[in-house]
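Structural overview for review
Next come the chains, spelled out residue by residue.
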Amino acid sequence: MAHEFDRDYWERHWREGGAGSMGGNPPNPYLARETEGLTPGTALDAGCGAGAEAIWLATHGWQVTAVDISSEALSRAAERATPDASKNLRWVEADLSTWTPDERFDLVTTHYAHPAMPQLEFYDRVAGWVVPGGTLLIVGHGQGHGQGHGHGHGHEHGPPAEASVTAAAIKARLDETVWEIVTAKEEHRTITGRGGAEASLDDVVVRAVRHPAM
């Protein structure tokens, strides 16, 4: 079934508890792995949801702008943030298919976000917000279907087809004269969801560094 992924969809998704399985989840494990060794600076979490990744970055010294279209999600995220993390966090309610930041960032990351625009065009859009020498980290839904509840973003039966991508497709969008590809992987993992049910996840992880002159 196709989804609009507009504001009404995401407000309803959070309000009705559709994302309950990930509302209290720990940060995505790829975040720590792929940012290890980076010097904390400014970061944008595009489609921050319940804020696990944004809060993790803030507690590790990053100055984080966390953006989501859903006021419900942002309310949950702000409640989760400790006072120390909150000092480094700015929550922004905005539609990422039309919103444009007034600055570029040392790190732009997005985890399973899929707004009301084609998925690869969304990645093109957020890539433009990385400073020269900065890092882009994309974690997306792979084209396999998760089994069990909550494929990383609260979908009961795996990700919608229009939100699924491949590492090769993302990599092909990143001009090699502008970007150095550091990671381009498709990975499989299992998590434990609500009630102890296991969910099988197919993930796409792409990390790229913008060349300093670009």
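As the structure is a prediction and not an experimental result, all values here were calculated from the model.

This paragraph deals with the overall build of the protein chain. Scanning the protein chain from N- to C-terminus turns up seven helices and seven strands. Along the protein chain, helices (α) and strands (β) appear in the sequence α-α-β-α-β-α-α-β-β-α-β-α-β-β when read from the amino end. Burial analysis of the protein chain (214 residues in total) assigns 53% to the buried set. Residue pairs at least 24 apart in sequence account for 71% of intrachain contacts in the protein chain once pairs closer than 6 positions are excluded. Roughly 9,400 Å² of accessible area belongs to the protein chain as shown, and the carbon and sulfur atoms make up 49% of that amount.

Time to look at unusual backbone geometry. Positive phi values are uncommon outside glycine, yet Tyr112 reaches one of about 65 degrees. Along the chain, Tyr112 falls in the loop between strand E4 (105–111) and helix H6 (119–127). Judged by its relative accessible area of 5%, Tyr112 falls in the buried class.

Turning our attention to the side chain of Asp68. Topologically, Asp68 is positioned in strand E2 (residues 63–68). At a separation of 2.8 Å, a polar atom in the side chain of Asp68 contacts the main-chain amide nitrogen of Gly49. Excluding anything up to four places from it in sequence, Asp68 contacts Gly47, Cys48, Gly49, Ala73, Leu74, Val92, Glu93 and Ala94.

Of all twelve residues making up strand E5 (residues 130–141), ten are buried, and the element is well covered by its neighbours. By the bridge criterion, six bridges tie E4 to E5 in an arrangement that is parallel. Bridge pairing links His111 to Val139 in E5.

Applying the stated criterion to the full structure yields six salt bridges. For Arg33, the salt bridge is made with Glu34, and the minimal N-O distance between the two is 2.9 Å. Given the relative accessible area of 33%, Arg33 is considered partly exposed. On the basis of relative accessibility, which here comes to 3%, the residue Glu34 falls in the buried class. Lys87 is the partner of Asp84 in a salt bridge, and the nearest nitrogen-oxygen pair spans 3.6 Å. Judged by relative accessible area, Asp84 falls into the exposed class, the value being 56%. By sharing partners, the salt bridges in this structure join Arg33, Glu34, Glu187 and Arg207 into a single network.

Next up on the list: the nonpolar core. Within the largest apolar cluster, 27 residues are counted, with the highest numbers of intra-cluster contacts made by Trp99, Val108, Trp129, Leu136 and Trp179. Within the residue set of this core, elements represented by two or more residues are strand E1 (42–46), E4, H6, E5, helix H7 (167–173) and strand E7 (198–210). Discounting chain neighbours no more than four positions away, the residues touching Trp99 are Leu44, Val67, Val92, Ala94, Arg125 and Trp129. Formed by 24 residues, the second largest nonpolar core is a distinct cluster that contains Cys48, Leu57, Val64 and Leu74.

Reading across from one edge, E3-E2-E1-E4-E5-E7-E6 is the order of the seven strands in this open sheet, with mixed pairing throughout. On the outer flanks of this sheet lie strand E3 (89–93) and strand E6 (179–192), each paired with one strand and no other. Each adjacent strand pair in this sheet contributes to an overall mean axis angle of 15 degrees, direction not counted. With five bridges joining them, E2 and E3 adopt parallel strand pairing. Paired with Ala66 across the bridge in E3 is Trp91. Relative to the sheet, helix H3 (residues 52–59) contacts E1, E2, E3 and E4, its axis offset from that of E3 by approximately 155 degrees. Taken strand by strand, H6 contacts E1, E4, E5, E6 and E7, and its axis lies near 155 degrees from that of E5.

In this structure, Thr35 sits in helix H2 (residues 29–35). Residue classification places Thr35 among the buried residues on the basis of a relative accessible area of 6%. Of the polar contacts made by the side chain of Thr35, one reaches the backbone oxygen of Leu31; its length is 2.7 Å. Once you skip the residues sitting within four places of it in the chain, Thr35 turns out to touch Trp56, Leu107 and Leu137.

How each quantity is defined
- Residues numbered from 1 in each chain as written.
- Predicted model: local features only at pLDDT ≥ 70, side-chain atom pairs only at ≥ 80, totals over all residues.
- Heavy atoms only, no water.
- Helix = DSSP H or I, 4+ residues; strand = E, 2+ residues; numbered from the N terminus.
- Buried < 20%, exposed > 50% of the residue type's maximum accessible area, 1.4 Å probe, protein only.
- Contact = heavy atoms within 4.5 Å.
- Areas by Shrake-Rupley, 256 points an atom, 1.4 Å probe, with all protein chains shown as cover.
- Polar contact = N/O pair within 3.5 Å; in protein donor to acceptor, adjacent residues only side chain to side chain.
- Pairing = 2+ DSSP bridges.
- Salt bridge = Lys/Arg side-chain N within 4 Å of Asp/Glu carboxyl O.
- Core = buried A, V, L, I, M, F, W, Y, C linked by side-chain atoms within 4.5 Å.
- Axes fitted to C-alpha atoms, helices over the stretch in contact; angles between N-to-C directions.

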